[in-house]
Amino acid sequence: MDSIFHEKQEGSLCAQHCLNNLLQGEYFTPVDLSSIAHQLDEEERMRMAEGGMASEEYRTFLQQPSGNMDDSGFFSIQLSVRIILCNSKFVCTF
């Protein structure tokens, strides 16, 4: 390795910078992470619907904002874990 990639922190985009630094390159933008967050939101909605779409819990869930992202640049740890586990460049050994 000739050099170590380091993406400097900007705003509240901690997840983006963490993932790019971990993977050693400019792999993710806020738009990329937003797209993945929307996918996670949809998966969570489908899981919640399994308990009954008429349930109070499901209706309450639908009224809440995304827990995977917000307008400040926050992205959830679940999003970061999903990316790490699904990224073929990153190999986990235990």
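Right above here is the structure, for reference.
How each quantity is defined
- Residues numbered from 1 in each chain as written.
- Predicted model: local features only at pLDDT ≥ 70, side-chain atom pairs only at ≥ 80, totals over all residues.
- Heavy atoms only, no water.
- Salt bridge = Lys/Arg side-chain N within 4 Å of Asp/Glu carboxyl O.
- Buried < 20%, exposed > 50% of the residue type's maximum accessible area, 1.4 Å probe, protein only.
- Helix = DSSP H or I, 4+ residues; strand = E, 2+ residues; numbered from the N terminus.
- Patch = residues over 30% accessible without salt bridge, like charges linked within 9 Å, V, L, I, M, F, W, Y side chains within 5 Å.
- Areas by Shrake-Rupley, 256 points an atom, 1.4 Å probe, with all protein chains shown as cover.

Participant: How should the pattern of salt bridges be read in this particular structure?
Facilitator: Oppositely charged side chains may form a pair once their charged atoms are brought near each other. Across all of its chains, the model carries four salt bridges by this definition. A salt bridge links Glu-50 to Arg-47; the shortest N-O distance between them is 3.6 Å. For Arg-47, a relative accessible area of 62% gives the class exposed. Glu-56 is the partner of Arg-59 in a salt bridge, and the nearest nitrogen-oxygen pair spans 2.7 Å. One end of the pair is Arg-59 and the other is Glu-56, both in helix 3 (residues 56-63) and three residues apart, which spans about a single turn.

Participant: What should I look at first to understand the side chain of His-17 in this one?
Facilitator: The residue His-17 is located in helix 1 (residues 14-23) in this model. Owing to a relative accessible area of 4%, His-17 belongs among the buried residues under this scheme.

Participant: I'm lost on a nonpolar patch on the surface in this one. Help?
Facilitator: There is a patch of nonpolar side chains on the surface, built from Ile-77, Val-81 and Leu-85 and spanning about 310 Å² of accessible area. Along the chain, the position of Ile-77 falls in helix 4 (residues 77-86).

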